[in-house]
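# Architecture and fold: a report
Below are the chains, spelled out letter by letter.
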Amino acid sequence: NSRTISLLSQLEKINLDSVLGESDNARYVTSKILHLVQSQEKTRKEMTSKGSTGIEIILSTLEVKSFNFFGYGFIAVLHFIIMKCGGRRASVLVTKGGTQILLQLLLTASKDSPPNEELMVLLHTLLAKIGPKDKKIGMKARINGVLNISLNLVKHNLQNHRLVLPCLQVLRVYSTNSVNAVSLGKNGVVELMFKIIGPFSKRNTSLMKVALDTLAALLKSKTNARRAVDRGYVQVLITIYVDWHRHDSRHRYMLIRKGVLQCIKSVTNIKLGRKAFIDANGMKILYNTSQECLAVRTLDPLVNTSSLIMRKCFPKNRLPLPTIKSAFHFQLPVIPASGPVAQLYNLPPDVDDVVDESDDNDDAETESEIETEIDDDKDQHFKNDDIETDINKLKPRQELGRPIEELKMYEQFFPELSENFQ
């Protein structure tokens, strides 16, 4: 019989009565619930406790009633509950169908000219909070036609960091889906991210961190990676990393530096990216910066990521290596004057004699990025392709020097191997 339950009961009646939907009573209930949620922890617990239908009633209200009338109040209620009660309430919102309803509200709100800034901040903050809890949010956003809403808001409000930050957080969630990443890339999201990230600056570091995370997710798409290479952004990323490395002497912005490295790691997944990285003197730069980071244990993530990038981009050669690049020298007993071995020995030291055909046959439009939603989740875990994991391949094959028949003559000397002593 609490005040909260009474107000929720009134709200249910309002949902059923189309005449009362526009009445002063509806406005009163909306404002009262919002006030109680903001001021009383007891009300928030009642709304989110097990068995409570509070969130369900609010979602059904947002779904059936006129959005412009009192939808803003209930979006504020949901926003306050999620921000105060954390991730477990976000999961409840997803299971009740909240993602679909919020995406529809975003589509409706975007049709206003100009869109309500406060409303857009609330909706994007909610979507960014519940997005990681909903594995299908990328597909739902694409189906509902809201992918470009967040992108356009960022394009037209680059100086409004209060609005841009939640929009970038939502774009980061969308970009984990490879199909969405390709679609957003065609609409200029890669170029937009490079307008946000830039040289060292202590202003808006949280915004830059989210932008880097979003860019790293986008560059996992080979189409977007090629676009970044074609526009010379690999050199830009290396320059940005060096700039942050020089200025961040107290190592307070390690996450931003790691974010830049993650972008470089994503773009070097394609052959063009690796070539651009080497042409930009990236190997020497990352090696030198890693050497300077070795003394600080908290910078180990930077050293590890740099090592992965360098190992991936380093030119590959067949054995035996006659050059200084090898720590071992394999002396062959006989080297023919002409032939593949002699050709290898005559190559200059910096030549990559293993042809990289990793993505030669990929078509920019029909590549494997248009894949199932399940494959998306597998891409989140980085895999080192140059590490052999098959135990059978790692074990050396032991072959007998003689046929088994010839070895039987020694059987009498090792009776324990053949006789049954039981």
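Residues numbered from 1 in each chain as written. Predicted model: local features only at pLDDT ≥ 70, side-chain atom pairs only at ≥ 80, totals over all residues. Heavy atoms only, no water.

### Remarks on the pattern of salt bridges
As enumerated under the stated definition, the model contains 9 salt bridges in all. When the shortest N-O distance is used, the salt bridge between Glu-191 and Arg-231 registers 2.8 Å. Remark: Arg-231 occurs in the loop between helix 15 (222-230) and helix 16 (233-247) and Glu-191 occurs in helix 13 (residues 189-196); sequence separation between them is 40 residues. Classification of Glu-191 by relative accessible area gives buried; the value is 18%. For Asp-300, the salt bridge is made with Arg-297, and the minimal N-O distance between the two is 3.2 Å. Overall, Asp-300 belongs to the partly exposed group, its relative accessible area being 26%. Overall, the relative accessible area of 67% leaves Arg-297 in the exposed class. (Salt bridge = Lys/Arg side-chain N within 4 Å of Asp/Glu carboxyl O. Helix = DSSP H or I, 4+ residues; strand = E, 2+ residues; numbered from the N terminus. Buried < 20%, exposed > 50% of the residue type's maximum accessible area, 1.4 Å probe, protein only.)

### Examining the environment of Leu-107
Along the chain, Leu-107 turns up in helix 7 (residues 98-109). Relative accessible area serves as the criterion here: at 22%, Leu-107 is assigned to the partly exposed category. Dropping the residues within four chain positions of it, Leu-107 is found in contact with Asn-144, Gly-145, Val-146 and Ile-149. (Contact = heavy atoms within 4.5 Å.)

### Some points on helix 13
Along helix 13, 7 of the 8 residues are buried, which leaves the element largely enclosed by surrounding structure. Buried within helix 13 we find Val-189, Val-190, Glu-191, Leu-192, Met-193, Phe-194 and Ile-196. Contacts made by the buried residues of helix 13 are with helix 10 (147-156), helix 11 (161-175), helix 12 (178-186), helix 14 (205-218), helix 15 and helix 16.

### Observations concerning the packing of aromatic side chains
Tallied over the entire structure, the rule returns 4 aromatic pairs. Ring centres 6.2 Å apart and planes at 75° place the aromatic pair Phe-200 and Tyr-253 in the edge-to-face group. Separated by 53 residues along the polypeptide, Phe-200 in the loop between helix 13 and helix 14 and Tyr-253 in the loop between helix 16 and helix 17 (254-267) bring together distant segments of the chain. The rings of Phe-200, Trp-244 and Tyr-253 are connected pair by pair, giving a single aromatic cluster. (Phe/Tyr/Trp six-rings, centres within 6.5 Å; stacked < 30°, edge-to-face > 60°.)

### Structural notes on the nonpolar core
Within the largest apolar cluster, 107 residues are counted, with the highest numbers of intra-cluster contacts made by Ile-33, Leu-168 and Tyr-174. If one sorts the elements of this core by residue count, helix 8 (residues 117-130) sits on top with 9 residues. In this structure, Tyr-174 is in contact with Leu-103, Leu-106, Leu-127, Ala-141, Val-146, Leu-147, Ser-150, Asn-180 and Leu-184, ignoring residues within four places of it in sequence. (Core = buried A, V, L, I, M, F, W, Y, C linked by side-chain atoms within 4.5 Å.)

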